[in-house]
Amino acid sequence: MKYIYSLLLNFIEFLLKSVDNIVGNFGLSIIIVTIIIKILLLPLTIKQDKSMKAMKKLQPQLDEIKKKYANDKQMLNIKTMELYKENKVNPAGGCLPILIQLPILFALFGVLRSGIVPTDSTFLWMRLVEPDPFYILPLLNGGISFLQQKLMGTSDNPQMKNMMYMFPIMMIFISYKMPAGLQIYWLTSSLTAVVQQYFIMKKGA
């Protein structure tokens, strides 16, 4: 695991340095590298969307199984897995891109903390190694997270409706102390995800 993380760290560092040699600004380099990463993850994003749509389609049948075997947890699990198998649905498929993105986030955080970005490196109003002094990026991250949830249709699921409001608040709370460079990555990643989701939904319409 440490070996994979080290490779990821070196890969992101190589990308950042290579792009920065061309554009001459680390803030802009982070944006470009983030878009490259999102393009590389696009096949998984499409798979995630298909998995979520398939799960949504099976929801009425899952509800019936839950009612029928409410008092028999073992049979409930068996019937649920049978339903997934019959319809060739992987319930964990929707989480895969998120699980892959987290190590990338940690690796980029490690790169930004390693000293690769000069302490005086700036982008717009921010120093990249310090938090956004005006908290604009954390608020934008929270807003984009809310938009993502809306686009994904989580408001249709009563169990996820509260999460649609809680997750953006959590994002603001988690990110407001992050270095601005990391916040730029997260915002660019979220914006790219919204654009990808829009075109995926448009294609599937």
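Details of the structure are given in the entry above.
Residues numbered from 1 in each chain as written. Predicted model: local features only at pLDDT ≥ 70, side-chain atom pairs only at ≥ 80, totals over all residues. Heavy atoms only, no water.

Draft legend 1. Expanded view of the environment of Val117. Mapped onto the elements of the fold, Val117 is located in the loop between α5 (96-113) and β1 (122-123). Sequence-wise, Val117 and Arg127 are ten residues apart; in three dimensions their C-alpha atoms are separated by 9.9 Å. Beyond its immediate stretch of four places on either side in the chain, Val117 contacts Phe26, Leu112, Leu128 and Val129. (Helix = DSSP H or I, 4+ residues; strand = E, 2+ residues; numbered from the N terminus. Contact = heavy atoms within 4.5 Å.)

Draft legend 2. Region of interest: unusual backbone geometry. Non-glycine residue Leu124 carries a positive phi angle of around 55°. Within the element layout of this structure, Leu124 appears in the loop between β1 and β2 (126-127). At Tyr135, a residue that is not glycine, the phi angle is positive and equals roughly 60°. Its location among the elements puts Tyr135 in the loop between β2 and α6 (136-151). On the basis of relative accessibility, which here comes to 43%, the residue Tyr135 falls in the partly exposed class. (Buried < 20%, exposed > 50% of the residue type's maximum accessible area, 1.4 Å probe, protein only.)

Draft legend 3. View of the environment of Ala180. Tracing the sequence through the fold places Ala180 in helix α8 (residues 180-204). Along the sequence, Ala180 and Pro133 sit 47 residues apart, while their C-alpha atoms lie 8.9 Å from each other. Every residue in contact with Ala180, bar those within four places of it in the chain, is listed here: Met126, Arg127, Leu128, Glu130, Pro131, Asp132 and Leu137.

On their own, these measurements won't tell you what the molecule is for.
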